[in-house]
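Structure at a glance
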Amino acid sequence: MRPLEIFNSIDDPDLLIGLAQPDDAAVYRVGDNKAIIVTTDLITPIVDDPYQFGAIAAANALSDVYAMGGKAVFALNIACFPKSLPMDIAREIIRGGADKVLEANAVIAGGHTVDDKEPKYGLAVVGLVDTDLIMEKGGAQVGDQLVLTKPLGVGVVTTALKSDRAAKSSVELAVESMMRLNRSAAEAMMGCDCHAATDVTGFSLLGHGWEMASQSKARFEFDWDALRFIPGAIDLAEQGYFPGGAGNNQKAYAHVVSFDARITPAMQKLLFTPETSGGLLVSLSPQEVPGFIQRCADRQLQAYTVGRVTAGEGIHVK
């Protein structure tokens, strides 16, 4: 059942992006040229350090505002903690989130905590955006190139970490990537003539890529050799360290994705693996790409071209 068949919503001309036009966040007009962006997200622990977990969860939640081209203004904590969780651990999780919100030049304005068997933490985030600068998923144009602003592979690294099979260096790089805000990438994006964007998170590169492609009524082609991964991620994928979400994504999106024969089953599943707090996937014309990549570099952020937009439908990986 589709969302619009569940909710009895009313027509509101100021709701610019909602259930009728699903995107990374809801957007509501509050003035002649100003709108608020509202999103929420929470995750279960994927690293052992509670401070890092809180920071990653906050960066992950803030990311949707950046994917829409906005600036975060304030956030509310969403905490689901068991009563048995030591107070110092809970405090560190909250502190990690608060520090990341502060880095975003936003404020924590409140929140809510409930008792739960498994710890979960995240944010409800409110941002601001000019109505003529809203970035959506559905604007990719045939001939565009696709640029990604973070490496892939954090899902297999954090899964291997649970079995103590991930190299320390791989874990450190994965944590660094997940804790990095997409704020700089969004600033670079808004300085260029970008056509569409999304953040690559739980639905994987292929899942989120398909959302963009389908809403743009176009076909996305990714080049395996152009993709960048956390060091060690490909080896861990070949050893089978996939989170459960990888299989779920593969079942959900396999019918819209095709692969060249050289892309092995492990390589395929790696591209279906969730990417917690992943980078922005941006669609822009070829002449805009060098400027965007340079603007990212000026902000100490590596961005790289990973594919192109062509006529047709679905996703292909070559």
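Here is a short report on the structure shown in this document. Bear in mind that the values here come from a model prediction, so they are computed numbers and not experimental data.

1. A word on the overall build of the protein chain
Tallying secondary structure elements over the protein chain gives 11 helices and 13 strands in all. Taking 20 Å as the expected radius of gyration for a compact globule of 318 residues, we find that the protein chain reaches 19 Å, a close match to that expectation. For the protein chain, the C-alpha atoms occupy an extent of roughly 55 × 55 × 45 Å along the three principal directions. When the 318 residues of the protein chain are sorted by exposure, 50% land in the buried category. In the protein chain, of all internal contacts separated by at least 6 residues, the share reaching a separation of at least 24 is 84%. Carbon and sulfur atoms make up 52% of the accessible area of the protein chain, which totals about 14500 Å². Counting 27 positive and 39 negative side-chain charges, the protein chain places the averaged centre of each group 3 Å from the other.

2. Digging into the packing of helix H4 (residues 154-162) against helix H5 (residues 168-179)
The contact between H4 and H5 brings their axes to 10 Å, and the two run at 130 degrees. Taken together, H4 and H5 sit at an angle that is classed as oblique. Note on packing geometry: the crossing formed by H4 with H5 is left-handed. Of the residues in H5, those in contact with Val154, Val157, Thr158 and Leu161 of H4 are Ser170, Val171, Ala174 and Met178. Residues of the contact of H4 with H5, tallied by class, amount to six nonpolar, two polar and no charged.

3. Description of the pattern of salt bridges
Throughout the structure, instances matching the rule amount to 13 salt bridges. A salt bridge links Arg29 to Asp14, with the shortest nitrogen-to-oxygen separation between them at 3.0 Å. Of this pair, Arg29 sits in strand E2 (residues 26-29) while Asp14 sits in the loop between helix H1 (3-6) and strand E1 (15-17), and the two are 15 residues apart along the sequence. The network of salt bridges with common partners includes Asp24, Lys137 and Glu211.

4. Quick word on the sheet that holds strand E7 (residues 145-148)
Spatially, the seven strands line up as an open sheet ordered E8-E11-E7-E12-E9-E13-E10, and their pairing is mixed. Both outer strands of the open sheet, strand E8 (194-199) and strand E10 (257-259), are each paired with one neighbouring strand and no more. The mean inter-strand angle of the sheet, taken between neighbouring strand axes irrespective of direction, is 25 degrees. On the sheet, helix H7 (residues 204-216) packs against E8, strand E9 (219-222), E10, strand E11 (280-284) and strand E13 (314-317) and is oriented at approximately 135 degrees with respect to E13.

5. Side note on the nonpolar core
Note that soluble globular proteins tend to have their nonpolar side chains buried in a common cluster. Ranked by size, the top nonpolar core spans 101 residues in total, and within it Phe222 and Phe292 carry the most contacts. Considering each element in turn, this core owes the most residues, 11 residues, to helix H2 (residues 50-67).

6. A short note on the pairing of strand E3 (residues 34-43)
In terms of strand pairing, E2 meets E3 through four bridges, oriented antiparallel. Bridge pairing in E3 links Tyr28 to Ile36. Counting the residues that bridge the hairpin from E2 to E3 gives four residues. Bridge count between E3 and strand E6 (residues 120-130): 10 bridges; the pairing is antiparallel.

7. Topic: the packing of aromatic side chains
The tally for this structure, following the rule as stated, stands at five aromatic pairs. These aromatic residues form a ring-pair network of at least three members: Phe203, Trp210 and Tyr253. The lysine or arginine in question, Arg228, covers the ring of Tyr304, its NZ or CZ lying 5.7 Å from the ring centre.

What counts, and where the lines are drawn
- Residues numbered from 1 in each chain as written.
- Predicted model: local features only at pLDDT ≥ 70, side-chain atom pairs only at ≥ 80, totals over all residues.
- Heavy atoms only, no water.
- Helix = DSSP H or I, 4+ residues; strand = E, 2+ residues; numbered from the N terminus.
- Rg over C-alpha atoms; globule rule 2.2 N^0.38 Å.
- Buried < 20%, exposed > 50% of the residue type's maximum accessible area, 1.4 Å probe, protein only.
- Contact = heavy atoms within 4.5 Å.
- Areas by Shrake-Rupley, 256 points an atom, 1.4 Å probe, with all protein chains shown as cover.
- Lys, Arg positive; Asp, Glu negative; His and termini not counted.
- Charge placed at Lys NZ, Arg CZ, Asp CG, Glu CD.
- Axes fitted to C-alpha atoms, helices over the stretch in contact; angles between N-to-C directions.
- Parallel < 35°, antiparallel > 145°, perpendicular 65-115°, else oblique.
- Left-handed = near helix turned anticlockwise from the far one by under 90°.
- Nonpolar A, V, L, I, M, F, W, Y, C, P; charged D, E, K, R; others polar.
- Salt bridge = Lys/Arg side-chain N within 4 Å of Asp/Glu carboxyl O.
- Pairing = 2+ DSSP bridges.
- Core = buried A, V, L, I, M, F, W, Y, C linked by side-chain atoms within 4.5 Å.
- Phe/Tyr/Trp six-rings, centres within 6.5 Å; stacked < 30°, edge-to-face > 60°.
- Lys NZ or Arg CZ within 6 Å of the ring centre and 35° of its normal.

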